[in-house]
Amino acid sequence: MGAKLKFVLGLHCHQPVGNFDHVFRRGMDSSYRPFLETFERFPALKVVLHYSGPLLDWISEHDPEFFSLVSRLASSGQAEIAGGGHNEPILPVVPRRDAVGQIRHMTRYLKRHFGANVRGGWLTERIWEPHMPSLLAEAGLEYTTVDDYHFLSAGFDPEKLQGYYLSEDQGRSVAIFPISQQLRYMIPFRAVDEVIEFFRRKAGQLPEGSVLTLADD
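Everything numeric here is computed off the predicted structure, so don't read it as measured data.

Q: Quick question: what am I supposed to make of the nonpolar core here?
A: Note on soluble globular proteins: their nonpolar side chains tend to be buried together. Core analysis: the biggest nonpolar cluster contains 43 residues, and Tyr-51, Phe-66, Leu-110 and Leu-136 have the highest contact counts within it. Those elements giving two or more residues to this core turn out to be α1 (21–39), β2 (47–51), α2 (53–62), α3 (65–76), β3 (79–81), α4 (96–114), α5 (132–138) and β8 (172–179). With seven residues, α4 is the largest single contributor of residues to this core. Apart from residues lying up to four places away in sequence, Leu-136 is in contact with Leu-91, Ile-103, Leu-123, Trp-128, Leu-141, Thr-144 and Val-174.

Shown next as structure tokens:
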């Protein structure tokens, strides 16, 4: 009998500014809405949801009922809403004032529309730089996710990588959840039985209460 694992699932949904209406609509009808409608039927499951500002702006104009669906999931505790830069900027390459401003704007937007108390944020293209902890903390975020490749490049054992880690800059820290590359390549591309077997194998390798994270498009 293996250890009990915790699985953090985060979904990132984005459409760029100026994309065609039919592309937004196809994403809504084939992906965003069907997933949440299905997910809502399983209240024991929880998910972290991130929608970019351009996508939310389109939804608010063309499909405002979707906001009600997200709000229900957020208010019931089934979904945690993540923030980030409102217009999906690559945070390390824009002026710090602009990066902080975009994150704070997004946090206010999510509070106003969904009643969400935003604690975490999505990094555009999952790009990380050493100064990000102080920037994210200044903007009011407590955690983010990055590819586990960053940790592996720093010498972490891939078979023991789990949970979250603290990173500090200028006396301010932020929690970082490493995104499992193995899970990112398995879900949704491999058979369900293979995914379940992956979790069983990890349960036999990792300590009780270990956390595995998948956050992806």
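Q: Teacher, can you tell me more about α3 here?
A: Along an α-helix, residues three or four positions apart point the same way, because every turn accommodates 3.6 residues. Between the first and last C-alpha of α3 there are 17 Å, a value that for twelve residues agrees with the 16 Å anticipated at 1.5 Å per step. Where α3 is buried, its residues touch α1, β2, α2, β3 and α4. In the segment just after α3, Gly-77 is the residue with positive phi, at about 85°.

Q: I'm lost on the side chain of Asp-147 in this one. Help?
A: As for its position among the elements, Asp-147 is in strand β6 (residues 143–147). Apart from the residues within four sequence positions on either side, Asp-147 is in contact with Arg-126, Ile-179 and Arg-184.

Q: What exactly am I supposed to notice about the pattern of salt bridges here?
A: Following the criterion strictly, the structure yields ten salt bridges and no others. In this structure, the salt-bridge partner of Asp-29 is Arg-25, at a minimum N-O distance of 3.5 Å. Of this pair, Asp-29 and Arg-25 both sit in helix α1, separated by four residues, roughly a single helical turn. The exposure class assigned to Arg-25 is partly exposed, which follows from its relative accessible area of 29%. With a shortest N-O distance of 2.9 Å, Glu-142 and Arg-119 are connected by a salt bridge. Linking Glu-142 in the loop between α5 and β6 with Arg-119 in the loop between α4 and β5 (120–122), this pair joins segments that are 23 residues apart in sequence.

Q: Before we go on, may I ask you to explain the packing of aromatic side chains in this structure?
A: In this description, a pair of aromatic rings is defined by centroid distance and the angle of the planes. Applying the stated criterion across every chain yields a total of eleven aromatic pairs. Aromatic pair Phe-35 and Phe-39: ring centres 5.5 Å apart, planes at 20°, arrangement stacked. Linking Phe-35 with Phe-39, this pair stays in helix α1, spanning four residues, or about one helical turn. For Phe-35, a relative accessible area of 32% puts it in the partly exposed group.

Procedures and definitions
Residues numbered from 1 in each chain as written. Predicted model: local features only at pLDDT ≥ 70, side-chain atom pairs only at ≥ 80, totals over all residues. Heavy atoms only, no water. Core = buried A, V, L, I, M, F, W, Y, C linked by side-chain atoms within 4.5 Å. Buried < 20%, exposed > 50% of the residue type's maximum accessible area, 1.4 Å probe, protein only. Helix = DSSP H or I, 4+ residues; strand = E, 2+ residues; numbered from the N terminus. Contact = heavy atoms within 4.5 Å. Expected span 1.5 Å × (residues − 1). Salt bridge = Lys/Arg side-chain N within 4 Å of Asp/Glu carboxyl O. Phe/Tyr/Trp six-rings, centres within 6.5 Å; stacked < 30°, edge-to-face > 60°.

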